[in-house]
Amino acid sequence: MLRHFRAKHEAGQAAASIHGDRKAKIDEALVNMIVKDSQPFKVVEDQGFRALVSLLDPTYVLPSRQTLKSMVEAKYHEEKQKATAVALTSDMWTSIHMDSYLAFTCHFVDEGDMLATVLLAVAKFGERHTASNIASVKGSIMEEWGIPKSKVMCLTTDGASNMTLCSTMMEIRHSHCIAHALNLVVKKSMKLTPGLEEVRTKARDIATHFRTSTVARERLLCLQKQMGAPCAKLKRWKRDGTAPWTCCKGCMSRESQ
């Protein structure tokens, strides 16, 4: 009888342990889904989602919305302590509605020796674009995420004077974005190439004509079908010259088809 009791008791403990391990794995998978797919916490209250989880594992009990929020916050505090050294990148731009924004991104090598990237913030920037104002906003974002300057290896931005001075004021080593520098070199070379600007202007006018006239667009599609050519849409050109050279290359390549 004692052997029977011990066998049942030990089997029950083993089953409880297995169930506990599985619940922990499902909890972690649920948190990862919320974070990676930007799902709302209320997804655990949706009938369809609850029915799906119940079908996949009837023994699993979904956490409440409040509990799930606490789980995500705990995961956030756990993950942000793992990076011992980080590199930061930043950029600013103005939308078509004349709203200015600043983006701040963090890069680090995770425990699997893989490069990881986290978007820290995309903040609306209503102040003047001075180095001190930019440094103040970036400093606030770093403080919010608990990133000390001692962890930052470098801050990569474009070569604008306010960005460079911002890094100096923050006492963080500055690195000029290679892609931005390459873009400036190629665009300047394109301007100095005889006849290229005329070709770009004509290509831009052609694309604008077919993008603004429905009759011309339909005629173009018919001709493309007759010639057996791919019916690809013409890309939009920027007239102010702010587009990177890769956009210009893509537009001209599309038109050459």
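Described in the following lines is the structure provided in the data block. Position numbers for residues start from 1 in each chain and track the written sequence from start to end. A pLDDT threshold of at least 70 governs which residues receive local features in this predicted model, and a stricter bar of 80 or more applies before side-chain atom pairs are shown or counted, although totals over entire chains, interfaces and linings include all residues. As a convention, hydrogens and water are excluded, and side-chain values are obtained from all of the structure's heavy atoms.

### Some words on unusual backbone geometry
One non-glycine residue, M98, adopts positive backbone phi at about 65°. Positive phi values are uncommon outside glycine, yet E171 reaches one of about 60°. Burial here depends on accessible area, computed with a 1.4 Å probe over protein chains only, as a share of the maximum for the residue type. Under 20% is buried, over 50% is exposed, and the range in between is partly exposed. The class for E171 is exposed, based on a relative accessible area of 67%.

### Structural notes on the pairing of strand β2 (residues 100–109)
With 7 of 10 residues buried, β2 is to be regarded as a mostly interior element. As paired strands, strand β1 (residues 86–94) and β2 are joined by 8 bridges and run antiparallel to one another. Looking at β2, one finds that M92 is bridged to L102. The hairpin formed by β1 and β2 contains 5 residues between the paired strands, and M98 there has a positive phi angle of roughly 65°. In this analysis, strands are considered paired if DSSP registers two or more bridges between them. Put simply, DSSP marks the helices as runs of H or I at least four residues long and the strands as runs of E at least two long, and each gets a number from the N terminus on. Where β2 folds back onto strand β3 (residues 115–124) in an antiparallel hairpin, the turn is made up of 5 residues, including D113, whose phi is positive at roughly 60°.

### Quick look at the sheet that holds β2
Read across the sheet, 5 strands follow the order β3-β2-β1-β4-β5 without closing on themselves; strand pairing throughout is mixed. Whereas interior strands pair on both sides, the edge strands pair on one side only; in this sheet they are β3 and β5 (174–176). Across the sheet, the mean angle separating the axes of adjacent strands is 25° when strand polarity is ignored. Contacts were defined at the residue level, with two residues in contact if any of their heavy atoms lie within 4.5 Å. Only the contacting stretch of a helix is used when fitting its axis, a line to C-alpha atoms as for every element, and angles between N-to-C directions run 0 to 180 degrees. Lying over the sheet, helix α4 (residues 131–145) contacts β1, β2, β3 and β4 (152–157), oriented at roughly 45° with respect to β2.

### Description of the pattern of salt bridges
By definition here, a salt bridge exists when the distance from a side-chain nitrogen of Lys or Arg to a carboxyl oxygen of Asp or Glu is within 4 Å. Counted under the stated rule, the structure contains 6 salt bridges. Put simply, E28 and K75 hold a salt bridge, and the shortest N to O gap is 3.9 Å. Placement of the pair is E28 in helix α1 (residues 2–36) and K75 in helix α3 (residues 65–79), with a sequence separation of 47 residues. On the basis of relative accessibility, which here comes to 42%, the residue E28 falls in the partly exposed class.

### Some remarks on helix α7 (residues 196–212)
Helices are assigned an expected span. That span is 1.5 Å times one less than the residue count. A rise of 1.5 Å per residue sets the reference length of α7, with its 17 residues, at 24 Å; its end C-alpha atoms lie 24 Å apart and thus fit the reference within 8%. Residues R200, A203, R204 and A207 constitute the buried set of α7. Projected down its long axis, α7 shows its buried positions confined to an angular sector of 100°, all on one face. Working note: the arc is built from the helix axis to C-beta atom directions.

### A few points about the nonpolar core
As a rule of thumb, nonpolar side chains are buried together in soluble globular proteins. Each nonpolar core is a collection of buried residues, namely Ala, Val, Leu, Ile, Met, Phe, Trp, Tyr and Cys, held together in the definition by side-chain atoms within 4.5 Å. Formed by 24 residues in total, the largest nonpolar core has its most connected members in V86, L88, F104 and M142. Among the elements of the structure, β1, β2, β3, α4, β4 and α5 (161–170) are those that each provide at least two residues to this core. Looking at this core, the element that brings in the most residues is α4, giving 5 residues. If sequence neighbours within four positions are ignored, V86 has contacts with C106, H107, F108, I147, K151, V152, M153 and C154.

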